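# Inside the fold
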Amino acid sequence: MSLNSYRAKRDAAKTPEPVPADHEESVDHTGDEQEGRGDRFVIQEHHATALHWDIRLQRDGVLVSWAVPKGVPLDPATNHLAKQTEDHPESYESFSGEIPKGQYGGGTMSIWDTGTYELEKWRDREVKLTLHGSRFGGRYVFFRTRGNDWMLHRMDPSPDGWSPLPDGLCPMTGRPGQLPRDDATWNYDIAWDGVRVLVAVDGGRLTVTDDGGANVTSSYPELRGLGLQLGSRQALLDGEIVAFGQDGGVDAERLRTRVGTAKPKPAQLKSTPVQLLLTDLLQLEGRSMLDEPHTGRRAALESLELGGDQWQVPDTFHGNGKAVLQAAQAQHLKGVIAKRRNSTYEPGRESDSWRTVEPKRRG
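This report concerns the structure included in the present document. (Residues numbered from 1 in each chain as written. Predicted model: local features only at pLDDT ≥ 70, side-chain atom pairs only at ≥ 80, totals over all residues. Heavy atoms only, no water.)

## What about the overall build of the protein chain?
Rules: Here a helix means four or more residues in a row that DSSP labels H or I, a strand means two or more in a row labelled E, and each is numbered from the N terminus. Relative accessibility thresholds used throughout: buried, under 20% of the residue-type maximum; exposed, over 50%; partly exposed, between the two (1.4 Å probe, protein chains only). What makes two residues a contact is simply this: any of their non-hydrogen atoms within 4.5 Å. Areas reported here follow the Shrake-Rupley algorithm with a probe of radius 1.4 Å; residue values treat only the protein chains shown as occluding. Here the positive residues are Lys and Arg and the negative ones are Asp and Glu; neither His nor the chain ends is included. The location of each charge is read from NZ of Lys, CZ of Arg, CG of Asp or CD of Glu.
Along the protein chain, the regular secondary structure elements total six helices and 21 strands. Taking the principal axes of the C-alpha coordinates as reference, the protein chain spans close to 85 × 45 × 30 Å. Within the protein chain, buried positions represent 47% of all 363 residues. For the protein chain, long-range pairs separated by at least 24 residues make up 63% of all intrachain contacts whose partners lie at least 6 apart in sequence. For the protein chain, the exposed surface amounts to about 17700 Å²; the carbon and sulfur share of it is 48%. Here the protein chain holds 45 positive side-chain charges and 53 negative ones, and the gap between their average locations is 6 Å.

What follows is the structure in structure tokens.
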């Protein structure tokens, strides 16, 4: 009766999920023999109360399922928690859609990958297999720790060219100076007079570190949605956190009320919301971008199409630095950051490849 638990949690009249009619199934999840028992798998990205990935393996007429909060690990040095859930019907392999709010698992379900698996071992406490998907593959083992709690471990080396997110990096900065004369070889960003941060996103979860390397994630809970938007995409982003005043301009004094507040109260989040302005991309999907030219990093950042109520990718300007500086001055902004178009990213360094330029103030 393996689907009884599945049916008990769902009302076919209220959810678009497949809900098979009641019938008995004889299911045996033990033993290594696989012939005739199924070899399909599906991984679904599930934006429910908490983002997670559901891994489902076809076996004996059902999909044996685990919820993996941080997704399938690509680093053999890191195991990911996997919570075994109720068996799902085989028809769930093709399901994607919106499960209504208030229903079990309410949220958006989408197919992340599908394929076949080769079984090595299926025991009550250990399942060892090789996945062959359309977007990824590898040799993995699920091993039970207690009850429905399992761990998922990658047994193969990491894919070629893939690397985990680096620790301990600090933002690159520019030297104070004047507008470049060879204007066409530079890009120009606005200097916002905020707090420079690096934002690491992995498995839909983000970590925010300031320019001194301190973890300040808890200070900015409104940025959590950026991790949800990136979903399974791993990224390391450079940006600046700012606060805007009631006149729409950048308000450095207002931002200071948020800096250093580990867990801001709801009233403070409402009275002093922050914006994360993303300007650079240091790593994407396991590939370091540090040695890429600035133009390539910006193109990759813009291709992510990131945007939300609390984060955005502001424009960068190609050449014409004098006009950009004048516009910044007219809007009472700090100035501009000139960046050589072919410059690599040098973490933690004040580099000649970037130049901070402030407008001349009239006394």
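## Focus: the side chain of Q234
One can find Q234 in the loop between helix 2 (224-230) and strand 15 (235-242). Residues within four places of Q234 in sequence aside, it is in contact with W162, S163, P164, L165, V201, D202, Q283, L284, E285 and G286.

## Some points on helix 6 (residues 321-330)
Applied cut-off: The arc in question is the one spanned by the directions pointing from the helix axis to the C-beta atoms.
All of the buried residues along helix 6 are G321, V324, L325 and A328. Along the long axis of helix 6, the arc covered by the buried residues comes to 100°, so they all point the same way. In this structure, helix 6 carries K322 and A330 as exposed residues pointing more than 90 degrees from its buried face. Elements in contact with the buried residues of helix 6: strand 12 (186-191), strand 19 (317-318), strand 20 (335-340) and strand 21 (350-357). With its phi angle positive at about 60°, H332 sits one or two positions after the end of helix 6.

## Points about the sheet that holds strand 20
We apply this condition: We treat two strands as partners when DSSP finds at least two bridges between them. In this analysis, axes come from line fits to C-alpha atoms, helices being fitted only over the stretch in contact, and the angle between any two N-to-C directions falls in the range 0 to 180 degrees.
Strand order in the open sheet formed by five strands is 11-21-20-12-19, and the pairing between neighbours is mixed. Two strands close off the open sheet at either side, each with one partner strand: strand 11 (173-176) and strand 19. Two elements, strand 20 and strand 21, share four bridges in a ladder whose sense is antiparallel. The residue bridging I337 from the neighbouring strand is T356, located in strand 21. Together, strand 12, strand 19, strand 20 and strand 21 form the strand contacts of helix 6, whose direction differs from that of strand 20 by roughly 155°.

## Quick word on the pattern of salt bridges
Any two side chains of opposite charge can pair if their charged atoms end up close together. To keep it simple, the criterion reads: Take a side-chain nitrogen of Lys or Arg and a carboxyl oxygen of Asp or Glu: if they are within 4 Å of each other, that pair is a salt bridge.
Inspection of every chain in the model, using the stated rule, returns 22 salt bridges. Of the charged contacts, one joins R298 and E302 as a salt bridge, the two residues approaching to 2.9 Å between their closest N and O atoms. With R298 and E302 both in helix 5 (residues 294-303) and four residues apart, this pair spans about one turn of that helix. When its relative accessible area of 3% is taken as the criterion, R298 is described as buried. Judged by its relative accessible area of 43%, E302 falls in the partly exposed class.

## Points about the side chain of R297
Which entries qualify depends on this criterion: Counted as a polar contact is a pair of N or O atoms within 3.5 Å, where, for protein atoms, one must be capable of donating a hydrogen and the other of accepting one, and residues adjacent in sequence contribute only when both atoms are in side chains.
Relative to the helices and strands, R297 is located in helix 5. Its relative accessible area of 0% is what places R297 among the buried residues. Of the polar contacts made by the side chain of R297, one reaches the backbone oxygen of S343; its length is 3.0 Å. Once residues within four sequence positions are removed from consideration, R297 is found in contact with D280, L281, M289, L290, E292, S343, T344, Y345 and W354.

## As for the pairing of strand 10 (residues 149-154)
Among the six residues of strand 10, five are classified as buried, and the element is accordingly described as predominantly covered. Across four bridges, the pairing between strand 4 (residues 80-84) and strand 10 is antiparallel. Considered in strand 10, the bridge of H80 is made with L152. Two elements, strand 9 (residues 137-146) and strand 10, share six bridges in a ladder whose sense is antiparallel. Within the sheet, the bridge partner assigned to Y140 lies in strand 10 and is R154.

## Side note on the environment of L165
Assignment of secondary structure puts L165 in the loop between strand 10 and strand 11. Separated by eleven residues in sequence, L165 and R154 have C-alpha atoms that sit 17 Å apart.

## Quick word on the nonpolar core
Convention followed: Nonpolar core, defined: a set of buried Ala, Val, Leu, Ile, Met, Phe, Trp, Tyr and Cys residues in which side-chain atoms within 4.5 Å join the residues together.
L57, V127 and F142 are the most contacted members of the largest nonpolar core, which totals 31 residues. When residues of this core are traced back to their parent elements, those giving at least two are strand 1 (40-47), strand 2 (51-59), strand 3 (62-68), strand 7 (107-123), strand 8 (126-133), strand 9 and strand 10. Non-local contacts of L57, meaning those with residues more than four positions away in its chain, are made with R40, F41, V62, L63, V64, W66, Y117, W122, V127, L129, L131 and F142. L206, V216, L304 and V313 belong to the second largest nonpolar core, which has 28 residues in total.

## Considerations on the packing of aromatic side chains
In plain terms, the rule: Working definition: a ring pair exists when centres of Phe, Tyr or Trp rings (six-membered ring for Trp) sit within 6.5 Å. Plane angles under 30 degrees give stacked, over 60 give edge-to-face, the rest tilted. Charge-over-ring placement is defined geometrically: NZ (Lys) or CZ (Arg) within 6 Å of the ring centre, and within 35 degrees of the ring normal.
Applying the stated rule across the entire model yields seven aromatic pairs. Each ring, one from Y345 and one from W354, has its centre 5.8 Å from the other, and the planes form 85°; the classification is edge-to-face. Residue W354 is classed as buried on the basis of its relative accessible area, which comes to 2%. Across the ring face of W122, the terminal group of R59 is positioned such that the distance to the ring centre comes to 4.3 Å. Positioned over the ring face of W354 is K339, at 4.1 Å from the centre of the ring.

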